[in-house]
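So you can see what is in the structure, the chains are spelled out below.
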Amino acid sequence: QVQLVESGGGLVQTGDSLRLSCAASGRTFSSYYMGWFRQAPGKEREFVAAVSWRDGNTNYAESVKGRFTISRDNAENMVYLQMNKLKPEDTASYYCAADYHGRSWSLLTEYDYWGQGTQVTVSS
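Basis of the calculations
Residues numbered from 1 in each chain as written. Predicted model: local features only at pLDDT ≥ 70, side-chain atom pairs only at ≥ 80, totals over all residues. Heavy atoms only, no water. Disulfide = S-S within 2.5 Å. Helix = DSSP H or I, 4+ residues; strand = E, 2+ residues; numbered from the N terminus. Buried < 20%, exposed > 50% of the residue type's maximum accessible area, 1.4 Å probe, protein only. Core = buried A, V, L, I, M, F, W, Y, C linked by side-chain atoms within 4.5 Å. Contact = heavy atoms within 4.5 Å. Pairing = 2+ DSSP bridges.

### Quick look at the state of the cysteines
Simply put, the disulfide is a covalent bond whose two ends are the sulfur atoms of two cysteines. Tallied over the entire structure, the rule returns 1 disulfide. Note that C22 is cross-linked by a disulfide to C96, the S-S spacing being 2.1 Å. One quick way to see it: the torsion about the S-S bond of C22 and C96 is about -80 degrees, and its sign makes the bridge left-handed. Separated by 74 residues along the polypeptide, C22 in strand 3 (residues 18-26) and C96 in strand 9 (residues 92-99) bring together distant segments of the chain. Taken as a pair, C22 and C96 share a single burial class, namely buried.

This is how it looks when you write it as structure tokens:
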């Protein structure tokens with residue numbers, strides 16, 4: 001089993017920054033990808049970013065490229081999402097997820113474990 005706990009969300013203004021954290025416990029050493037997804041009210045959950053647990057390679061949604069940075073700390077079993085230049089359209093609940101298949105960075109259904117989510121609200 002894997003447990004994922006997100007933190008770091010909050011209410012910010014347009015252009016501000018936030019750093020989300022995801023604390024992972026359990027058999028994290030054998031996961032392929034750690035991802036961040038988000039879900040706005042009335043919308044489907046969407047891919048934001050992912051990092052390879054083993055080699056640190058990353059992948060991003062087009063909407064966040066150049067503004068968000070995903071990273072991991074293997075020693076601490078932590079995954080981070082640094083979000084800069086936030087926009088109102090970034091408002092959503094953000095979820096950390098662990099994938100054990102390694103077939104797709106961004107396919108929601110490939111991720112096996114999910115955290116409870118942390119709310120990010122960006123005011124205009």
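### Observations regarding the nonpolar core
Nonpolar side chains in soluble globular proteins tend to end up buried together. In terms of nonpolar packing, the biggest core is built from 36 residues, with L4, M34, W36, L81, M83 and Y94 touching the most fellow members. Aside from chain neighbours lying at most four places away, what touches M34 is L4, A24, A49, A50, V51, W53, I70, V79, C96, A97, A98 and Y111.

### A word on the environment of Y33
Here Y33 shows up in strand 4 (residues 33-39). Here the alpha-carbon distance between Y33 and A98, two residues 65 residues apart in the chain, equals 6.0 Å. If we ignore the near neighbours within four places in the chain, the residues touching Y33 are V51, S52, A97, A98, D99, G102, R103, S104, W105 and Y111.

### Observations concerning the environment of E44
With respect to the secondary-structure elements, E44 resides in the loop between strand 4 and strand 5 (46-52). With relative accessibility at 71%, the residue E44 sits in the exposed group. A sequence separation of 14 residues divides E44 from T58, and the C-alpha atoms of the two residues are 23 Å apart. What E44 contacts, discounting residues up to four positions off in sequence, is R38 and Q39.

### Digging into the pairing of strand 9
In terms of burial, strand 9 is largely enclosed, as 8 of its 8 residues are buried. Across 7 bridges, strand 4 lies against strand 9 in antiparallel orientation. From the neighbouring strand, W36 faces strand 9, where its bridge partner is C96. Pairing geometry for strand 9 and strand 11 (residues 118-123), over 3 bridges, is antiparallel. In the sheet register, S93 faces strand 11, and the bridge partner there is Q119. As paired elements, strand 9 and strand 10 (residues 111-114) share 3 bridges and run antiparallel to each other. The residue of strand 10 that forms the bridge with D99 is Y111.

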